[in-house]
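Each chain is listed here by its residues.
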Amino acid sequence: MRIAVLDDDNNLLELVCTILNAAGHTTHPFLSGKEMLHQLRRESYDMLILDWQVPDLSGTEILHWVREKLSPTLPVLFMTSRSGEDDIVAGLAAGADDYMIKPIRRSEMVARVQALLRRAYPTQTTSEHLQFGIYKFETRAGRVSVNDVPVEMTQKEFDLALLLFRNLGRPLSRAYILEAVWSRDVDIPSRTMDTHISRVRSKLELRPENGYRLAPVYSYGYRLEQMTPE
């Protein structure tokens, strides 16, 4: 999962990122609230971890923006050095899903993050069979069928299609898709992603009459939307 982490303490920021990277996630560290907000306008993340007391832009202010502008189900964990009940209640009331009191403990951090991600993304499981309407994915075998008719796809096309279906209705930035499907091979031509999107749309017949529409999000990326057939 792609996790953005905000803390103005560089040592703690590195610690949190190291813990989560070791757990298999990709972390994006931010020392400044304004810098994180700038990236949130441009990029997609699966989860946010916010320090509550950042000088330039507090975790509270960022959280209010996130809940107003982004998906209401985006999981947010806040970190605070204050253990007072009022502070914790205020953070949860502002829209955070969970909290941690510093100093950060490795096992607790991993457990809380994993719990929030499981709750927010129930289809992001190791299940071998996933069904979305007429579309059936066999994740281990890398196969997909439409109305039980197998569709020939390359591995990258399959990975891209599965990513889109697992994030139905959610705008995904180009950087997010690139990282998820092509890993860290950032040298691929920019048209490669667009070509793969076009092939996935065509091969899976992602049209409103089939219940789905794969559309570009201007200056951002793509979104697979579930439609109501007319």
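Counting starts from 1 at the beginning of each chain's written sequence and moves along it residue by residue. The predicted origin of the model limits local features to residues at a pLDDT of at least 70 and limits the giving and counting of side-chain atom pairs to 80 or more, whereas totals for whole chains, interfaces and linings rest on all residues. The side-chain values count all of the structure's non-hydrogen atoms but skip hydrogen atoms and water molecules.

- Looking at an unreviewed UniProt entry, one finds the chain named Response regulator transcription factor and attributed to Undibacterium hunanense.

1. Some details on the nonpolar core
In step 1: Among the buried residues, those of types Ala, Val, Leu, Ile, Met, Phe, Trp, Tyr and Cys that are joined through side-chain atoms within 4.5 Å form a nonpolar core. A 1.4 Å probe rolled over the protein chains alone gives each residue an accessible area, and that area as a share of the maximum for its type sets the label: buried under 20%, exposed over 50%, partly exposed in between. Among the nonpolar cores identified, the biggest contains 40 residues, and Leu40, Leu48, Ile49, Met109 and Val113 are the most heavily contacted of them.
In step 2: For helices the rule is a DSSP run of H or I covering at least 4 residues; for strands it is a run of E covering at least 2, with both sets numbered from the N terminus onward. At the level of elements, strand E1 (2-6), helix H1 (10-22), helix H2 (33-40), strand E3 (47-51), helix H3 (59-69), strand E4 (76-80) and helix H5 (106-120) are the ones that each hand at least two residues to this core.
In step 3: Top element by residues in this core is H1. It accounts for six residues.
In step 4: We call two residues in contact whenever any of their non-hydrogen atoms come within 4.5 Å of each other. Leaving out residues up to four positions away in the same chain, Leu40 has contacts with Tyr45, Leu48, Ile62, Trp65, Val66 and Leu70.
In step 5: Phe132, Phe137, Phe165 and Met193 belong to the second largest nonpolar core, which has 31 residues in total.

2. Side note on the environment of Leu92
In step 1: On the secondary structure map, Leu92 appears in helix H4 (residues 85-93).
In step 2: Residue Leu92 is classed as partly exposed on the basis of its relative accessible area of 35%.
In step 3: In this structure, the C-alpha to C-alpha distance between Leu92 and Arg170, residues 78 residues apart in sequence, is 24 Å.
In step 4: Not counting the four nearest positions on each side in its chain, Leu92 is found in contact with Phe78, Asp97, Asp98 and Tyr99.

3. Topic: the sheet that holds strand E9 (residues 149-151)
In step 1: For two strands to be treated as a pair, DSSP must find no fewer than two bridges joining them. Read across the open sheet, the four strands follow the order E6-E7-E8-E9; overall the sheet is antiparallel. The sheet is open, and its two borders are formed by strand E6 (129-132) and E9, each paired with just one other strand. Mean inter-strand twist for the sheet, computed between neighbouring axes without regard to direction, equals 25 degrees.
In step 2: Across four bridges, E6 lies against strand E7 (residues 135-138) in antiparallel orientation. Counted as the bridge partner of Phe132 is Tyr135 from E7.
In step 3: Packing of helix H6 (residues 155-166) onto the sheet brings it into contact with E6, E7 and strand E8 (143-146), and relative to E7 it is tilted by some 120 degrees. Interaxial angle, 0 to 180 degrees, is taken between N-to-C directions of lines fitted to C-alpha atoms, where a helix line uses only the stretch in contact.

4. What to know about the pairing of strand E5 (residues 98-101)
In step 1: Residues of E5 alternate between two faces, with Asp98 and Met100 buried on one and Tyr99 and Ile101 left unburied on the opposite face.
In step 2: Note: E4 against E5, four bridges, orientation parallel. Its bridge partner being in E5, Thr80 is matched across the sheet by Ile101.

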